[in-house]
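# Summary of the model geometry
So you can see what is in the structure, the chains are spelled out below.
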Amino acid sequence: MAIEQLLILIKPDGIKKSLTGNILTKLSEAKMIIIGAKVVKVSRELAEKHYFHLKDKPFFAELAEYIQGKIYGAPWDRVLALVYQGEDAIARMRKIAGATNPEEADPVSIRGAYGRITTKGIYENVVHCSSDPAEAEREIKLWFKPEEIVNKIYPTKKVKQENEETVWE
Ligand code: IDP
Ligand code: MG
């Protein structure tokens, strides 16, 4: 069995329902390690890149707004982004997360226990979980910079930057 990494997001509905602790507890049953973690205010660009594979779906616009937390507003308009690493991590974490449709998900999975379908038909399923190694790599590279991941998981290169940088005063 291979060591894998994957991206997990606690979506804005999970944040709003104060489920962060409950979700982390369920995920910790798999005994994997966290190699990256941060709170992100999701831009429209990031939302659309993240859900690129669903761009032709009728619910795409609502889905992009959902992951940005637009329907909830401040202070719920954010996600907790996590990178986990472990043996067979993707399949095992997806089992703990449960099926995409929260009504069909195993009731003891995260989505089965805490998810719902909104009156507008969006699956508010409280977590995102990468579904295969290629998707996991694309998503980790989209959400995290190399220095934000404590283990070296993909090759990196040095580039010279002339950009302004914000530092603490
Ligand atoms: P996944 O999150 O289980 O990998 P995807 O098919 O990648 O499922 O869909 C991404 C997200 O889009 C889901 O987690 C869910 O929030 C939403 N979604 C997927 N399919 C539907 C649908 O048929 N109706 C409404 N929302 C959906
Ligand atoms: Mg998916």
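Overview of the structure. Here the structure is a predicted model, which is why all the values come from computation and not from measurement.

Bringing the pairing of strand 1 (residues 3-10) into the picture now. The element strand 1 is largely enclosed, with a buried count of seven among its eight residues. Here eight bridges tie strand 1 to strand 3 (residues 79-87), and the two strands are oriented antiparallel to one another. Note that in strand 3 the partner of Leu-9 across the bridge is Ala-81. As defined by bridge partners, strand 1 adjoins strand 6 (residues 127-129) across three bridges and the pair is classed as antiparallel.

Taken together, the buried positions of helix 2 (residues 20-28) are Ile-23, Lys-26 and Leu-27. The buried residues of helix 2 all sit within an arc of 100 degrees when viewed along its axis, so they share a single face. Its buried side turned inward, helix 2 meets strand 1, strand 3, helix 5 (89-97), helix 6 (110-114) and strand 6.

On to the environment of Val-79. Note that Val-79 resides in strand 3. For the pair Val-79 and Pro-107, spaced 28 residues apart in the sequence, the C-alpha separation amounts to 23 Å. What Val-79 contacts, discounting residues up to four positions off in sequence, is Leu-9, Ile-10, Lys-11, Pro-12, Ile-15, Lys-38, Val-39, Val-40, Val-42, Ile-67 and Trp-143.

For Glu-124, the position within the fold is in strand 5 (residues 123-124). There is a polar contact of 2.7 Å between the side chain of Glu-124 and the side chain of Arg-116. Ignoring sequence-local partners within four residues, the contact set of Glu-124 consists of Asp-13, Lys-17, Tyr-66, Ile-71, Tyr-72, Pro-102, Gly-115, Arg-116 and Thr-118.

Within this model, the largest pocket holds a volume of roughly 640 Å³. In terms of lining, the largest pocket is formed by 17 residues, of which the most central are Lys-145, Pro-146, Glu-147, Thr-156 and Lys-157. Residue composition of the lining of the largest pocket, grouped by class: eight nonpolar, three polar and six charged. In this structure, the second largest pocket occupies an estimated 360 Å³ of space. Lys-11, Tyr-51, Leu-54, Thr-100 and Asn-125 are the residues nearest the centre of the second largest pocket, which is lined by 18 residues in total. Of all the secondary-structure elements, those providing two or more residues to the lining of the second largest pocket are helix 4 (60-68) and strand 6. Of the residues assigned to the lining of the second largest pocket, the class counts are eight nonpolar, six polar and four charged.

For the rest of this paragraph, the subject is unusual backbone geometry. Across the junction of Ala-74 and Pro-75, the peptide omega takes the value 0 degrees, indicating a cis bond. By secondary structure assignment, the location of Pro-75 is in the loop between helix 4 and strand 3. One non-glycine residue, Asp-88, lies in positive phi territory at about 55 degrees. Here Asp-88 shows up in the loop between strand 3 and helix 5. Residues other than glycine seldom take positive phi values, yet Val-126 does so here, at roughly 55 degrees.

Cut-off values and rules
- Just so you know, the residues in each chain are numbered from 1, in the order the chain's sequence is written.
- Chain letters and ligand numbers both follow the written order, the letters beginning at A and the numbers at 1.
- Under the rules for a predicted model, residues below a pLDDT of 70 receive no local features and side-chain atom pairs below 80 are neither given nor counted, while totals for whole chains, interfaces and linings still include all residues.
- As a rule here, side-chain values cover all heavy atoms of the structure and leave hydrogens and water aside.
- Burial here depends on accessible area, computed with a 1.4 Å probe over protein chains only, as a share of the maximum for the residue type. Under 20% is buried, over 50% is exposed, and the range in between is partly exposed.
- Only DSSP runs of H or I with at least four residues qualify as helices, and only runs of E with at least two residues qualify as strands; both kinds are numbered from the N terminus onward.
- Strands qualify as paired when DSSP identifies two bridges or more between them.
- This arc is built from the directions going out from the helix axis to the C-beta atoms.
- Note on contacts: a residue pair is in contact if any heavy atoms of the two residues lie within 4.5 Å.
- Polar contact criterion, stated in full: a pair of N or O atoms within 3.5 Å, where within protein one must be able to donate a hydrogen and the other to accept it, and residues adjacent in sequence count only if both atoms are side-chain atoms.
- Buried and open spaces are told apart on a 1 Å grid over the protein atoms alone, a cavity being a set of points where a 1.4 Å probe fits but cannot get out and a pocket being an open set with protein on both sides within 12 Å along at least five of seven lines. Residues with an atom within 4 Å of a point are the lining residues.
- Grid points are joined across faces, edges and corners, and a volume is the space filled by probe spheres set on the points.
- In this classification, the charged set is Asp, Glu, Lys and Arg, the nonpolar set is Ala, Val, Leu, Ile, Met, Phe, Trp, Tyr, Cys and Pro, and all remaining amino acids, among them Gly, are polar.

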